[in-house]
Amino acid sequence: MTVPLKPQNDLLSATGTTVFTVMSALAVQHGAINLGQGFPDYEGPEVVVRAAAEALLDGRNQYPPLTGVPELRAAVAEANRRFYGLEIDPAAEVVVTSGATEALTACLMAVLNPGDECVLIEPLYDTYLPVVRMLGAIPKLVRLTPPKWELPRAELAAAFGPKTKAILLNSPMNPAGKVFTSAELAFVADLVQRHGAYAICDEVYEHLTFDGWAHIPLMTLPGMRERCMRVGSAGKTFSLTGWKVGYITADRSIAPNLAKAHQLLTFTTPPNLQRGVAVGLGLEDSYFTGLSATLQAKRDRLAAGLSALGFGVLPTQGSYFITADFRPLGFSGDDVAFCRHITETAKVTAIPVSAFYAGADAPNHYARFAFCKADAVLDEALARLAAWKSARVEGVREAG
Ligand code: PMP
Ligand code: GLN
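The model shown is predicted, which means the values in this text are computed figures rather than measured ones. (Residues numbered from 1 in each chain as written. Chains lettered and ligands numbered in written order. Predicted model: local features only at pLDDT ≥ 70, side-chain atom pairs only at ≥ 80, totals over all residues. Heavy atoms only, no water.)

Enquirer: Looking at this structure, how should I read the overall build of the chain?
Expert: The helix and strand inventory of the chain stands at 14 helices and 13 strands. Expected size for 400 residues packed as a compact globule is a radius of gyration near 21 Å; at 22 Å, the chain falls within 12% of this value. Viewed in the frame of its principal axes, the chain has a C-alpha envelope of about 70 × 65 × 50 Å. Within the chain, contacts between residues at least 6 apart in sequence are counted, and of these 76% link residues at least 24 apart. Looking at the chain as shown, the accessible area adds up to about 16700 Å², and 56% of this sits on carbon and sulfur atoms. Side chains of the chain carry 35 positive and 39 negative charges; the gap between the two charge centres is 3 Å. (Helix = DSSP H or I, 4+ residues; strand = E, 2+ residues; numbered from the N terminus. Rg over C-alpha atoms; globule rule 2.2 N^0.38 Å. Contact = heavy atoms within 4.5 Å. Areas by Shrake-Rupley, 256 points an atom, 1.4 Å probe, with all protein chains shown as cover. Lys, Arg positive; Asp, Glu negative; His and termini not counted. Charge placed at Lys NZ, Arg CZ, Asp CG, Glu CD.)

Okay, structure coming up:
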């Protein structure tokens, strides 16, 4: 006799497919220009790709060391010194992972016990909340809201308590485009220190800041060197999102648990890609300044076009993304409806900003547009949105 299957994991069963995958599939279905999921439509630096390709052919294709190939760990330590003045031991304070996504999960695994509280800031990247819950920890959500995305200091302080084990902070922030200021970071650092907590720092957009905004790792603030886990992503820094190479910089007292979390999750990351990324991190300063200058010009191009169409474009200090209020265009539905509508009708895809909030009362009149695309693609997207807008105006006239 058989009995019906028991239910699978409740948390995973209750978790939907990521909004990025859903919207990318919808874009393909409707032949839309995909300004949704954040990936460049151009290649990363040729020397980096070539180094990885050549590394495939030189016979080092078996399991690399658990914490990463020595070349990459050395390059991560050196980049910490070059960009932020952090002195890092490459042998004991760097762990290479399969993307920042794995790195963030490893950081949460390294410190959280069931019942611990973890402070998360909305809008939040889609893996944070389910992973915290899967670990049996308790998320304490603090909300930033557009258009100002100000850090609500009193609420943040109230979210910390005796059970707080960690905060997860994303700067530059997706989708807000916010770069946390040194004053805001000092406020966070003070709370973290007063509660004996750790800080998990999602800094994947560290090199994508604009208008002179400098990214400041929380780890560089006084007293924070021993409590921060700083996460970077080769996907963003070298426009190679498919590679999924991430790196964590953390004090030698934390790194062993990070390595063990990585051991359980994936154990290692493809050695040729690691060696390509090591070459990338060693590129001259002009590569990094050129990357942000190129993206700043793309941001300006898309922002100007969206503003001209009537969108309420919010400032972006860093990341790949612009958030824009679509209400001035007279669309009365919510952001999910709007992003579906423009995908199907204008043939341009964006991401609803409410997807980055856990609560039902999230801001729901903003769309996130990625500008890490060829200029011609951005121009075509704007032309399509303009055509869609005129057709709507015509439609309203005829209906009236
Ligand atoms: N954090 C944020 C804020 C992101 O936008 C992304 C984008 N993918 C990630 C983490 C994950 O990075 P990776 O692709 O290296 O896993
Ligand atoms: N980070 C990317 C974004 O925010 C998406 C990554 C993913 O699809 N998981 O668009």
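There's more to say after this.
Enquirer: So what exactly am I meant to see when it comes to the site of ligand 2 here?
Expert: Phe20, Gln37, Gly38, Tyr125, Asn174, Tyr205, Lys236, Phe321 and Arg368 make up every residue found near ligand 2. For ligand 2, an oxygen atom lies 2.7 Å from a polar atom in the side chain of Gln37. Contact with the protein chains removes 82% of the 300 Å² of surface that ligand 2 exposes when unbound. The cavity that encloses ligand 2 is the largest pocket. Along the lines of polarity and charge, the residues of the shell around ligand 2 split into four nonpolar, three polar and two charged. (Near = heavy atom within 4 Å. Polar contact = N/O pair within 3.5 Å; in protein donor to acceptor, adjacent residues only side chain to side chain. 1 Å grid on protein atoms, 1.4 Å probe; cavity = no way out; pocket = protein on both sides within 12 Å on 5 of 7 lines; lining within 4 Å. Sits in = over half its atoms within 2 Å of the grid points. Nonpolar A, V, L, I, M, F, W, Y, C, P; charged D, E, K, R; others polar.)

Enquirer: Any chance you could explain the nonpolar core here in plain terms?
Expert: With 129 residues, the main nonpolar core has Leu72, Leu156, Leu218, Phe238, Phe311, Phe369 and Leu385 as its most contacted residues. Beyond its immediate chain neighbours, meaning those up to four positions away, Leu218 contacts Leu169, Leu185, Val188, Ala189, Ala199, Cys201, Glu203, Met224 and Cys228. (Core = buried A, V, L, I, M, F, W, Y, C linked by side-chain atoms within 4.5 Å. Buried < 20%, exposed > 50% of the residue type's maximum accessible area, 1.4 Å probe, protein only.)

Enquirer: For this particular structure, what's the right way to read a nonpolar patch on the surface?
Expert: On the surface, a nonpolar cluster with roughly 260 Å² of combined accessible area is contributed by Leu11, Leu12 and Met134. Here Leu11 is to be found in helix H1 (residues 10-14). Since its relative accessible area comes to 31%, Leu11 is described here as partly exposed. (Patch = residues over 30% accessible without salt bridge, like charges linked within 9 Å, V, L, I, M, F, W, Y side chains within 5 Å. Salt bridge = Lys/Arg side-chain N within 4 Å of Asp/Glu carboxyl O.)

Enquirer: Please clarify how the confidence of the model for the chain should be interpreted in this entry.
Expert: The predicted coordinates should not be examined in detail at positions where pLDDT is low. Per-chain confidence: the chain averages 97 in pLDDT, with 99% of residues scoring 70 or above. Looking over the chain, one finds the lowest element-wise mean pLDDT in helix H14 (residues 375-399), namely 89, and the highest in strand S6 (residues 198-202), namely 99. (pLDDT = per-residue confidence, 0-100.)

Enquirer: Before we go on, may I ask you to explain unusual backbone geometry in this structure?
Expert: Excluding glycine, a negative phi dihedral is what most residues carry, and trans is how most peptide bonds are arranged. With an omega dihedral of 10 degrees, the bond running from Pro146 to Pro147 counts as a cis peptide bond. Of the consecutive residues Asn174 and Pro175, the connecting peptide bond is found in the cis state with omega at 5 degrees. With respect to the element layout, Pro175 can be found in the loop between strand S5 (164-170) and helix H8 (182-194). Positive phi outside glycine occurs at Asp211, with the angle close to 55 degrees. Counting through the fold element by element, Asp211 comes out in the loop between S6 and strand S7 (228-233). The partly exposed category is assigned to Asp211, whose relative accessible area is 47%.

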